[in-house]
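So you can see what is in the structure, the chains are spelled out below.
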Amino acid sequence: MILYLHGFRSSPSSFKARLLSQHFAEIGRAQEFVCPQLPASPAEAIALTQQLIDEYRGNNLVLIGSSLGGYYATYLAEQNHCKAVLVNPAVKPPRDLEKYVGVSTAFHSDAPFEFKHAYIAELKQLAIEKITQAERYFLIAATGDEVLNWREMVAHYPAAKQLVIQGSDHGVSEFAEYIETVMAFCDAE
């Protein structure tokens, strides 16, 4: 199972989630791809995701996380001893998301999105200061990420498989070019 974790204020309607869902459908593996709508609360997002992991345990689980979803994927990969692909992952979201406390809207709808100050403490509880078993991780970091610092990403995942894209952007708008590389990592024993 491939479990995709979207980023902050994002959804299963995000570009990468739709692209991956379509790819899995095209190769006849649609039932292997899951992308839940994550709650704003980090604790609730982890609880929901862990529930899905528990339901699918033993089925070659790989997490793919983008931005804040990458932070969650790192925590969950450490807890569940599974592989994770991290696309421009947030490395320090308690610091980076402090300025977003309050009510805004979700990216793919006009639905209200409330990020409470208490969620900063929840994020701190999920911090992984140092990954174990670097071979379980595949980092995709874009030097042109306008939201997060790619150097922090590279430093946080030493010895992991890394693909540093020169240029690009936070959403990795050319992600389709990397799907086969991601799939090779996911399917490798």
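Now for a quick tour of the structure. None of these values were measured; they are calculated from a predicted model.

The rules behind these values
- Residues numbered from 1 in each chain as written.
- Predicted model: local features only at pLDDT ≥ 70, side-chain atom pairs only at ≥ 80, totals over all residues.
- Heavy atoms only, no water.
- Helix = DSSP H or I, 4+ residues; strand = E, 2+ residues; numbered from the N terminus.
- Rg over C-alpha atoms; globule rule 2.2 N^0.38 Å.
- Buried < 20%, exposed > 50% of the residue type's maximum accessible area, 1.4 Å probe, protein only.
- Contact = heavy atoms within 4.5 Å.
- Areas by Shrake-Rupley, 256 points an atom, 1.4 Å probe, with all protein chains shown as cover.
- Pairing = 2+ DSSP bridges.
- Expected span 1.5 Å × (residues − 1).
- Arc of directions from axis to C-beta.
- Axes fitted to C-alpha atoms, helices over the stretch in contact; angles between N-to-C directions.
- Salt bridge = Lys/Arg side-chain N within 4 Å of Asp/Glu carboxyl O.

## Regarding the overall build of the protein chain
Along its length, the protein chain carries seven helices and eight strands. Taken over the C-alpha trace, the protein chain has a radius of gyration of 15 Å; the compact-globule value for 189 residues is 16 Å, and the two agree within 12%. Taking the principal axes of its C-alpha atoms as reference, the protein chain extends roughly 40 × 30 × 30 Å. Taken over 189 residues, the protein chain has a buried fraction of 52%. For the protein chain, the share of sequence-separated contacts (at least 6 apart) that also reach a separation of at least 24 residues comes to 64%. For the protein chain, the exposed surface amounts to about 8900 Å²; the carbon and sulfur share of it is 52%.

## Some remarks on the pairing of strand S3 (residues 62–66)
Among the five residues in S3, five count as buried, and that is most of the element. The alternating pattern of S3 places Val62, Ile64 and Ser66 on one face and Leu63 and Gly65 on the opposite face, and all of these are buried. Two elements, S3 and strand S4 (residues 83–87), share five bridges in a ladder whose sense is parallel. Each residue of the ladder has a partner; that of Leu63, found in S4, is Ala84.

## Considerations on helix H2 (residues 42–56)
In this model, H2 (15 residues) spans 21 Å end to end at C-alpha, consistent with the 21 Å of a helix rising 1.5 Å per residue. Looking only at H2, the buried set comprises Pro42, Ala45, Ile46, Thr49, Gln50, Leu52 and Ile53. The arc that holds every buried residue of H2, seen down its axis, measures 160°, which confines them to one face. Looking at the buried side of H2, the elements it contacts are strand S1 (2–5), strand S2 (33–34), S3, helix H3 (68–80) and helix H5 (118–125). Where H2 terminates, the next one or two residues include Gly58, which has phi positive at roughly 90°.

## A few points about the sheet that holds strand S7 (residues 137–142)
In spatial order, the strands read S2-S1-S3-S4-S7-S8; together these six strands make up an open sheet with parallel pairing. On the outer flanks of this sheet lie S2 and strand S8 (161–165), each paired with one strand and no other. Bridge count for S1 against S3 is four bridges, and the pairing is parallel. Looking at S3, one finds that Leu5 is bridged to Gly65. In the packing of H2 onto the sheet, the strands contacted are S1, S2 and S3, and the crossing angle to S1 comes to about 175°.

## Brief notes about the pattern of salt bridges
Taken as a whole and assessed by the stated rule, the structure comprises five salt bridges. Where Arg136 meets Glu78, a salt bridge forms, and the shortest distance between an N and an O atom there is 3.4 Å. Taken together, the residues span a long stretch of sequence, with Arg136 in the loop between H5 and S7 and Glu78 in helix H3 at a distance of 58 residues. The same class applies to Arg136 as to Glu78, namely buried. What you see here is one network of salt bridges that share partners, running through Arg29, Glu32 and Asp187.

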